[in-house]
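Now for the letters of each chain:
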Amino acid sequence: MILSKRLKRAKNKEMVKKILTVKKAIPVGVRVIVILYYLFSALSILFALLFFFSPSFFSSTFLEEEIISDVVFVNILFIVVTSLINLGIVGIFIGVGLWKGQRWARDMTLVFSATGILFGIWEFIQNNLGTGIFEILYNLIVGLYLLLNTNAKEAFIFNERR
């Protein structure tokens with residue numbers, strides 16, 4: 001039952017307090033999303049370390065064909081490594097927030113899902129069909145689950161203090 005319906009049926013202030021103080025358990029679907037966030041965050045950090053500690057593996061393609069210079073490559077490498085590490089750290093924080101049922105984490109997940117859908121469409125347009133379809137489907141499922149599932153909505157309604 002949705003929390004707002006329970007609040008409407010409450011007959012006195014005691015019942016309202018009791019309803020609001022009961023901590024809603026985090027649904028299994030949200031826990032699966034958290035595990036996926038941890039997994040993708042770990043992969044992001046792992047790839048950042050791979051780029052950082054073995055840049056020659058990635059530079060051989062660009063530098064042998066003289067597509068870019070050494071200085072430009074180092075700058076691009078720095079931007080890629082710091083971006084991947086930052087995304088990994090943010091993903092871990094969002095995962096912790098989702099696990100605790102914090103509303104800001106749900107909102108950030110919805111923003112990341114919307115951004116992921118846009119990137120999926122861009123990947124699809126660039127003829128990376130597999131990646132594009134995966135990104136679009138994954139982010140649609142996560143976003144719609146958090147927006148439409150009543151248990152997921154209830155878990156994040158009054159959990160600001162956790």
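Residues numbered from 1 in each chain as written. Predicted model: local features only at pLDDT ≥ 70, side-chain atom pairs only at ≥ 80, totals over all residues. Heavy atoms only, no water.

Participant: How would you summarise the overall build of the chain if you had to cite specific residues and measurements?
Facilitator: Each helix and strand in the chain was counted, giving 8 helices and 0 strands. Here the chain, with 162 residues, has 28% of them falling under the buried criterion. Residue pairs at least 24 apart in sequence account for 65% of intrachain contacts in the chain once pairs closer than 6 positions are excluded. When the accessible surface of the chain is totalled, it reaches about 11000 Å², and 71% of it is carbon and sulfur. (Helix = DSSP H or I, 4+ residues; strand = E, 2+ residues; numbered from the N terminus. Buried < 20%, exposed > 50% of the residue type's maximum accessible area, 1.4 Å probe, protein only. Contact = heavy atoms within 4.5 Å. Areas by Shrake-Rupley, 256 points an atom, 1.4 Å probe, with all protein chains shown as cover.)

Participant: An account of a nonpolar patch on the surface is needed here, citing residue identities and associated values.
Facilitator: Together, Leu39, Phe40, Leu43, Leu46, Phe47, Leu50 and Phe134 make up a nonpolar patch on the protein surface, roughly 640 Å² of accessible area in all. Residue contributions to the nonpolar patch peak at 6 residues, all from helix α3 (residues 28-53). Here leucine 39 shows up in helix α3. Using a relative accessible area of 44% as the deciding quantity, one classes leucine 39 as partly exposed. (Patch = residues over 30% accessible without salt bridge, like charges linked within 9 Å, V, L, I, M, F, W, Y side chains within 5 Å. Salt bridge = Lys/Arg side-chain N within 4 Å of Asp/Glu carboxyl O.)

Participant: Describe the nonpolar core, naming the residues involved and giving the relevant values.
Facilitator: Counting residues in hydrophobic clusters, the biggest one holds 15 residues, and the most contacted among them are Val30, Ile33, Tyr37, Leu98, Val142, Leu146 and Phe156. At the level of secondary structure, the elements contributing two or more residues to this core comprise α3, α5 (70-99), α6 (103-125), α7 (129-148) and α8 (150-155). Top contributing element to this core by residue count: α3, with 4 residues. Leave out the neighbours within four places in its chain, and valine 30 touches Leu98, Tyr145, Leu146, Ala152 and Phe156. (Core = buried A, V, L, I, M, F, W, Y, C linked by side-chain atoms within 4.5 Å.)

Participant: Please give an account of α6 that cites residues and values.
Facilitator: Note on helix geometry: an α-helix contains 3.6 residues per turn, so any two residues three or four positions apart are oriented the same way. Between the first and last C-alpha of α6 there are 33 Å, a value that for 23 residues agrees with the 33 Å anticipated at 1.5 Å per step. All of the buried residues in α6 are Ala105, Arg106, Thr109, Leu110, Ser113, Gly116, Gly120 and Glu123. Once α6 ends, the next one or two residues include asparagine 127, with phi positive near 70 degrees. (Expected span 1.5 Å × (residues − 1).)

Participant: Give a description of the environment of isoleucine 85 that names residues and reports values.
Facilitator: Locating isoleucine 85 in the fold gives a position in helix α5. Isoleucine 85 sits 36 residues away from leucine 49 along the chain, and the two C-alpha atoms are 8.4 Å apart. In contact with isoleucine 85, not counting residues within four places along its chain, are Ile45 and Ala48.

Participant: Tell me about the packing of α3 against α7, and name the residues and values.
Facilitator: Any two packed helices are characterised by how steeply their axes cross, that is the angle between the axes, and by the distance between the axes. The contact between α3 and α7 brings their axes to 10 Å, and the two run at 140 degrees. With respect to each other, α3 and α7 are oriented oblique. Between α3 and α7 the crossing geometry is left-handed. Contact residues: α3 offers Gly29, Val30, Ile33, Leu36, Tyr37 and Phe40, while α7 offers Phe134, Tyr138, Val142, Tyr145 and Leu146. For the contact of α3 with α7, a count of residues per class yields 10 nonpolar, 1 polar and no charged. (Axes fitted to C-alpha atoms, helices over the stretch in contact; angles between N-to-C directions. Parallel < 35°, antiparallel > 145°, perpendicular 65-115°, else oblique. Left-handed = near helix turned anticlockwise from the far one by under 90°. Nonpolar A, V, L, I, M, F, W, Y, C, P; charged D, E, K, R; others polar.)

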